[in-house]
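Residue strings, one per chain:
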Amino acid sequence: MGKNMNIKKGDTVKVIAGKDKGAQGKVISVLREEDRVIVEGVNLVKRHTKSVQQTGTTGGIITREAPIHVSNVMLVEGDGVTRVGFRRDEVTKRRPDGSTYAASRSVRVSRKTGKEI
C-alpha cells in the first residue's frame, strides 16, 4: 500500500479481470489508501436507500459505481493497452526574479511505444 499509482483521474482504462473484463471507461476518482479506482460504468452496484424527510432525499434503488482494484485495470493507449513507466526530463524553470535554472520533471511514458502520456 501507498505505492506510486500509475493511474490518474481522467485516464481511460480497460478492465483486464473480474466480472466487467473488457469494459473501457474513464477514471472518476482514485482512492490511493485502498489502491482502488472508480471507473465510469464499471462495477455497478445497487444500493437500497431509505427516504429521509429532513434532508429531502427520496428512497429507492440507486445504481452507482463501486471501486475496483487498480491491478485489474490497464491504461488505454491508441487501440490497445500499455504499462506505465516514468522518465525524468530536464526542463528550464524560471524564478520569480526572472532568472532561469535547470530542473528535472517526472513524466509518465508508455512502455509499449515510449511516448509521453
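As recorded in an unreviewed UniProt entry, the protein goes by the name Large ribosomal subunit protein uL24, listed as coming from Nocardioides zeicaulis. The UniProt entry for the protein carries this comment under Subunit (unreviewed entry): "Part of the 50S ribosomal subunit." UniProt, in its Sequence similarities (unreviewed entry) section for the protein, records the words "Belongs to the universal ribosomal protein uL24 family."

Participant: Explanation requested: the nonpolar core in the structure shown.
Facilitator: Inside soluble globular proteins, nonpolar side chains tend to come together where they are buried. Ranked by internal contacts, the top residues of the largest apolar core, which has 13 residues, are I7, V13, V37, V39, I68, V70 and V73. The set of elements that each furnish at least two residues to this core consists of β1 (12-15), β3 (36-39) and β7 (73-77). In this structure V37 touches M5, I7, V27, S29, V30, P67, I68, V70 and V73, once residues within four positions along its chain are discounted.

Participant: Just checking my understanding: could you explain the UniProt feature "domain: KOW" (unreviewed entry) in the protein for this structure?
Facilitator: Within this structure's numbering, the places UniProt gives as "domain: KOW" (unreviewed entry) are residues 6-33. Note that residues 6-33 is 0% helix and 43% strand, and that its end C-alpha atoms are spaced 14 Å apart.

What counts, and where the lines are drawn
Throughout, residues of each chain are indexed from 1 in the direction in which the sequence is written. Given that this is a predicted model, residues contribute local features only at a pLDDT of at least 70 and side-chain atom pairs are listed and counted only at 80 or more, while totals for whole chains, interfaces and linings are drawn from all residues. Remark: hydrogens and water are excluded; side-chain values derive from all non-hydrogen atoms of the structure. UniProt positions are given in the numbering used here, feature names are shortened, and annotations may be inferred rather than shown by experiment. The criterion is simple. A nonpolar core is a set of buried Ala, Val, Leu, Ile, Met, Phe, Trp, Tyr and Cys residues joined through side-chain atoms within 4.5 Å. Residue burial is assigned from relative accessible area. The probe radius is 1.4 Å, only protein chains are included, and a residue is buried under 20% of its type maximum, exposed over 50%, and partly exposed in between. The numbering of helices and of strands both runs from the N terminus, where a helix is a DSSP run of H or I of at least 4 residues and a strand a run of E of at least 2. Only heavy atoms matter for contacts: two residues are in contact if any of them lie within 4.5 Å across the pair.

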